[in-house]
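Here's the letter readout for the chains.
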Amino acid sequence: MMTQEYDVFICHRGETKRNFVSVLGGMLRSKGITCFVDYRMPTGNDVQLEINGAIEKSKVFIVVLSPDFAGSTWCLDEIGEIMRIRDLPGTPRKVIPVFYDVQKKDTLYDLTQVKRSNAEKINRWGKALEDVCKLDEFVYDSSSTLQWEKSQEIVAKVEDFLISHRTIPDQGTKMPIWRECINYDVFICHWHLDTQRNVVSVLRGMLLCKSITPFVGGYGKDDGGSALDSDIIQAIENSRVHVIFLSPNFVCSKRCLEEVVYIMNIQGSPGTSDASRKPTVVPVFYDMKPSTARYQKEGKAYYLEEAQKSSTADDRERWASALHHLSLLHGLEYDSCSTFQWEKLYDVVKIVEASAKKITPRNYWSNHEALYVKKIDEVFKELELQEKREHVFLAGVYGRETSEFSDLLVQRLGSNFCGVCKLNNIMEKACQPNGISKIVQQMLSDLIHPSKSSDLIQPSTSNDVKRCQLLLENERCLVVLDDLGNDIDKIKTLLEDLKSILRNNSLVVVASQFQHSLQELNVHKFISLSSLESKRDFLNICYTERDGINKAFLSHLSETFDMLGLDVRLLNEDKLKSDSTCLQDAKVTLCIISKSFSIDEFKSMFTNAAIPPKIIYVSYGSNPTDESIPKPFFKMEVDFEKAEFNKPQFKSMVNEVVQTLNERGEEIMGAIDFPVGLAQRSSDIECSILECVSRNENSVQCFGLVGMGGIGKTTLARSIFNKIHSQFERSFFGLNTRAEVQGKGTLGLIDVQKKMITKLSNIRSDDVRIDNAEHGKMVLSSKVKHINALIVLDDVDDGRHLEAFCEPLQSSLGPKSVIIITTRDQKILGSAKSTMIFDIERLDEERSTSLFYWHAFMKPKPPADLEKVSQSVIEACQGLPLSLKIIGSDLYGNSDREYWEDSLKLLQKGKKAIVDVLRISFDRLDTDEKEAFLDICCFLINEDVELTCMILKACYGVGKAHLNTLKNKCLITTYVGEYDEYRGRISRIGMHDQLRDMGRHIIREERRDQQRDQRRDRAWDEETANEILQRNAWSSLRGLSVWSHIPLPEDASDWTSLPRLRILVVKHDYWRDRTHSHAERGRLRPQDIFRNVRCGGLRWLRWEGVPFEELPQGLCSTNIQVLELRACYKLKRLDMTSSNL
């Protein structure tokens, strides 16, 4: 019989089997990680063969070293075999030791006392134990460690290893993180010294994984508390389930006894005639019999006369009565010596799950949740009323917010089924090796009770399928599969597997953003959420007119959030008083607190209405307040007669709103500082596009935004994207297409194609294989077929871009799709067969004036003595937003009239080209600031802000100050990038393409001035690298960025030293590196050149796919301060002792 392949093998002694190992195995399986533990072996199998086969086929080994570990020769033989197989070549393996109630020094057990041992075995066991103790370990002290949290750390370590070696897919989510909340589903009553660190810790974690919120008083604290405080009372009253762990020392705590009295009083209260609406009480008799709590006999643990002798007789009588009535309720008995912890707590979770979500008061639902409930009830009604009962009833859910609907469906219907399973990210999982089988296996681990099965095998044979059918033959199951993706063949295969296993009129719900996928599946019931989902998010701005809030400030607020795609409603105090319900449908409410409009006044308006879900307070003016200040709170002393506008505080407030919406999956792109005149222009274009689409929904439509550089095309495209992307199944914004492709040749086109496929199909970029641009067109076309998507291609300037991106999209996307192209070349839009072209014109005089004033003065009006010269500067900028912004920012903070007039002369001195206008701001930087700006232009756009600071500091001694100067002059921007699982949303460096091109032009331009003749000192692509080499200027090279697979000219072989090189970036594309031509293979590539070149001044080295076993000494600069070696599988030794790292 062939042994199943496992992800994890747990080596352990019997003393940890029922508690620690039971839970750890259950947690791993719940994450879809297959796990071998000996007590789950099928009956009748050869134990030795099973164990040896499992070790051989496992990737991760968890070794639980407990006090009596060495008392078992089985354990010692296992650890010997584990350490032997770990060192074999081939499959990467990891060993994780856990020191369970032992110190590392204690794990060198006295092996001479082991029965049936000999010298050879003792040496082998001892060597294995010694090697294990050298590895990174986890320490577990059962008297002080919270079991769930420590097990969670171990699971995360396992997950990281398996994901990094692509054994399992990246789920995108980790175990739940606890956050404080007000409303709880479950109240867990317990005596912390008996149960908090073990069963309560694990039950709490299991409930959180099911999105059930438990209250555990004093969790993680040594003191369990003595009083029944208001928080505990509120949690008891708000919870729908009360789980009470009656442990041996439970009655030692007055607080625990008072909790029981309060809970039982609720059960006995006549407050509602509907008994089903009272909370469910689940007593768990932990290491004691129900009769002990029921009769409280003398000499027993629950004899209150002894346990609470200092209390009054009245108190003891109340407690005794409550305990007696509690013991009469049907509960669960838990014997810690014989009970498998995960399996028993699984039973508790199922009881809680069935009860906690059973009652959802109508007033608790939002408007769209109430509509969701109606749809869910329709599904169940149709399931029950089928004329011809099917083994499986298939329901399809279509919409953008399917996850929320799926959660509500499980809550609403879960109690009607014996087994419930909800799985997310189905398509991502299905694309992994053996993905379909692993999905089915994870489903079965959720549906089949642990007591019924050993480790589930993959149902790949008819016998395996039959076995699963037998286990589920009397079970009616609910399976919810969310995010099906666009690969219809994989979806059909998965559903066929499910239908072969499930029986008894089970319900399978498949949810997808792609309507065509569900239509091809022939579902029994189709549910469209598109009509229920809000197309546009609302933002309410609440204020009073009594305090004369500046209209320019309100206008700026409104325009900023309109550009973010929000439907902004200005609501004054009178409107709020007449109808406070007008705030209920807003995602975010912005409340402007002023002298006559306090926080308490605002809150008092909600006595008869629901409080908005997210309120951000802004304090307008310098009015003092004695009120407690809620968070988030932003103070802005807006008085333009006395002070300028507080831009950093305003941006913080805007970022708070954006972060809130992005947390809800709204995909909001960042705002610009002062969107003067753009909001209305954006709305007009949006209306025209939607009108065209509504008239013709039978084919993909293309729209163009055309205009000169710096006119605002990208800003408008971002705003339109923010406003309408929610009306499409998927969306993609391709920023700076020209820059993404320029200098990279075919590789640049392939990179953009990969990004499109990843974003539109929701699959990992590692799973996309593209040989060349032509092949990329075919892959792109097949992966996005029939998807109704919004695509923005920004800054397209080459027909090759249309061929590589636009043509495959137009031929394959769904008929309701929209493509928006921004370009400086009208011919591009003609070639793209645009339905409508929008010419983006310069700003008129009024809007130019307003935009310039905000940037130059941080006020809507200038000082009187600078008004006239300001108008002249504005005229010289000719209505170009980028020029107004850069020149205004350059003049900001300088009130010297002569300085202003000098700036005006430079503008009027025949310098009409925008690069010359922008150059004025650059020329006023000091030397190091100029160099920092040029480094960013060439190497640091889209890099992490923190990393950029470190690099600039390494090169110039100052990092953050240079960034702040460049940012204040609007020469760079920062933006929050896409979500990173490990680091969250990272702030990154941005730059307008005109500024980037200006910086690169400065580097490349010819100069007659001998002092500046050495400016060609940076190479950021193959073309610029060749230029420098051809001019023999390599000795002055300050920065170099190249691809590892692209050969350098033969002249590079003459390099022996690059003394001025500060920055070296070598990028790597695994696929291209493998497939580059044989002709190129014979030429010099970066690894050939830098093997022998001295780079004594190197500050930042990034090398992806390091090809060396040891980093060459020439790259180990004493000055290096930032070292990034990525995917360095070949690297065996790294000696940086001579550096400053």
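Bear in mind that the values here come from a model prediction, so they are computed numbers and not experimental data.

Visitor: Looking at this model, I keep getting lost on the overall build of the chain. Mind explaining?
Guide: The helix and strand tally for the chain stands at 43 helices and 32 strands. Across the 1141 residues that make up the chain, the buried fraction comes to 55%. Across the chain, every contact between residues at least 6 apart in sequence was considered, and the portion connecting residues at least 24 apart equals 74%.

Visitor: Would you take a moment to explain the pairing of strand S30 (residues 1063-1067) for this structure?
Guide: On any regular strand, side chains alternate: one points to one face of the sheet, the next to the other face. With 5 of 5 residues buried, S30 lies mostly within the body of the structure. Residues Ile1063, Val1065 and Lys1067 line one face of S30 and the alternating positions Leu1064 and Val1066 line the opposite face, and both faces are buried. Both S30 and strand S31 (residues 1100-1104) contribute to a ladder of 4 bridges, which runs parallel. Bridge pairing in S31 links valine 1066 to tryptophan 1103.

Visitor: So what exactly am I meant to see when it comes to the nonpolar core here?
Guide: Across soluble globular proteins, you tend to see nonpolar side chains buried next to one another. Counting residues in each nonpolar core, the largest one holds 69 residues, and the members touching the most others are Leu481, Leu498, Val510 and Ile821. Not counting chain neighbours up to four residues away, the residues in contact with valine 510 comprise Leu394, Ala395, Gly396, Val397, Leu481, Leu484, Leu495, Leu518, Leu521 and Val523. Judged by nonpolar contacts, the second largest core, of 62 residues, contains Ala717, Ile914, Ile951 and Ile1063.

Visitor: Would you explain the sheet that holds strand S10 (residues 332-334) in this entry?
Guide: Strand pairing in a sheet takes place through backbone hydrogen bonds and is either antiparallel or parallel in direction. Read across the open sheet, the 5 strands follow the order S7-S6-S8-S9-S10; overall the sheet is parallel. A strand with exactly one partner marks an edge of an open sheet, and here the two such strands are strand S7 (214-215) and S10. Two strands pair when backbone bridges link them, and strand S6 (residues 186-189) and S7 are joined in this way by 2 bridges, in the parallel orientation. Along S7, the bridge assignment pairs valine 186 with proline 214. Packing of helix H6 (residues 192-209) onto the sheet brings it into contact with S6, S7, strand S8 (241-246), strand S9 (280-286) and S10, and relative to S8 it is tilted by some 155 degrees.

Visitor: Before we go on, may I ask you to explain the environment of isoleucine 62 in this structure?
Guide: Tracing the sequence through the fold places isoleucine 62 in strand S3 (residues 60-65). Residues isoleucine 62 and lysine 94 lie 32 residues apart in sequence; the distance between their C-alpha atoms is 8.6 Å. If we ignore the near neighbours within four places in the chain, the residues touching isoleucine 62 are Val8, Phe9, Ile10, Cys11, Leu24, Leu28, Ile96, Val98, Ile154 and Val158.

Visitor: What am I meant to see in the confidence of the model for the chain here?
Guide: Regions with low pLDDT carry predicted coordinates that are not meant to be interpreted in detail. Looking at the chain as a whole, the pLDDT averages 83, with 86% of positions reaching at least 70. A low-confidence stretch, residues 359-365 (pLDDT under 50), is modelled with 13 contacts involving residues beyond four sequence positions or located in other chains. Here residues 1075-1082 is a poorly scored stretch, pLDDT under 50, and it has 6 contacts once near neighbours within four places are set aside; other chains count.

Visitor: I keep staring at the environment of isoleucine 828 and nothing clicks. Help me out?
Guide: Along the chain, isoleucine 828 turns up in helix H30 (residues 826-831). On the basis of relative accessible area, isoleucine 828 is assigned to the buried category, the value being 6%. Here the alpha-carbon distance between isoleucine 828 and glycine 704, two residues 124 residues apart in the chain, equals 9.0 Å. Isoleucine 828 has contacts with Val796, Asp797, Asp798, Gly799, Leu802, Ile821 and Thr823, leaving out every residue within four places of it along the chain.

Visitor: What exactly am I supposed to notice about the sheet that holds S30 here?
Guide: Spatial strand order, S28-S29-S30-S31-S32: 5 strands in an open sheet with parallel pairing. Either end of the sheet is taken by a strand with one partner, and the two such strands are strand S28 (1018-1019) and strand S32 (1122-1126). One ladder, built from 5 bridges, connects S31 with S32; its direction is parallel. In the strand pairing of S32, glutamate 1104 is matched with arginine 1126.

Visitor: Even after reading the chapter, I still don't get helix H7 (residues 230-238), so can you show me in this structure?
Guide: Note: α-helices contain 3.6 residues per turn, so residues at a spacing of three or four share the same orientation. When H7 is considered as a whole, its buried residues turn out to be Ile232, Ala235 and Ile236. For H7, the buried positions fall inside an angular range of 100 degrees around the axis, keeping them on one side. Elements in contact with the buried residues of H7: S6, S7, S8 and helix H8 (254-268).

Visitor: Teacher, can you tell me more about the pattern of salt bridges here?
Guide: Pairs can form between side chains of opposite charge once their charged atoms are near each other. Scanning the entire structure with this criterion turns up 46 salt bridges. One salt bridge connects aspartate 68 with arginine 13, and the closest N-O pair in it is separated by 3.3 Å. Taken together, the residues aspartate 68 in the loop between S3 and helix H3 (73-86) and arginine 13 in the loop between strand S1 (8-11) and helix H1 (17-30) connect sequence positions 55 residues apart. Residue arginine 13 is classed as partly exposed on the basis of its relative accessible area of 23%. Arginine 1126 is the salt-bridge partner of glutamate 1124, the closest N and O atoms lying 3.0 Å from each other. Note on glutamate 1124: relative accessible area 15%, which makes it buried. Here arginine 1126 falls in the partly exposed class, since its relative accessible area comes to 36%. What you see here is one network of salt bridges that share partners, running through Arg738, Asp795, Asp797, Arg824, Asp993, Arg996 and Asp997.

Visitor: When you look at the side chain of aspartate 194 in this model, what are you seeing that I'm missing?
Guide: The topology assignment puts aspartate 194 in helix H6. Buried charged residue aspartate 194 carries no salt bridge. Nearest counter-charge: arginine 197, at 9.1 Å. Here the side chain of aspartate 194 touches asparagine 249 through a polar contact of 2.9 Å, landing on its backbone nitrogen. Beyond its immediate stretch of four places on either side in the chain, aspartate 194 contacts Ser247, Pro248, Asn249, Phe250 and Tyr286.

Cut-offs applied
Residues numbered from 1 in each chain as written. Predicted model: local features only at pLDDT ≥ 70, side-chain atom pairs only at ≥ 80, totals over all residues. Heavy atoms only, no water. Helix = DSSP H or I, 4+ residues; strand = E, 2+ residues; numbered from the N terminus. Buried < 20%, exposed > 50% of the residue type's maximum accessible area, 1.4 Å probe, protein only. Contact = heavy atoms within 4.5 Å. Pairing = 2+ DSSP bridges. Core = buried A, V, L, I, M, F, W, Y, C linked by side-chain atoms within 4.5 Å. Axes fitted to C-alpha atoms, helices over the stretch in contact; angles between N-to-C directions. pLDDT = per-residue confidence, 0-100. Arc of directions from axis to C-beta. Salt bridge = Lys/Arg side-chain N within 4 Å of Asp/Glu carboxyl O. Lys, Arg positive; Asp, Glu negative; His and termini not counted. Polar contact = N/O pair within 3.5 Å; in protein donor to acceptor, adjacent residues only side chain to side chain.

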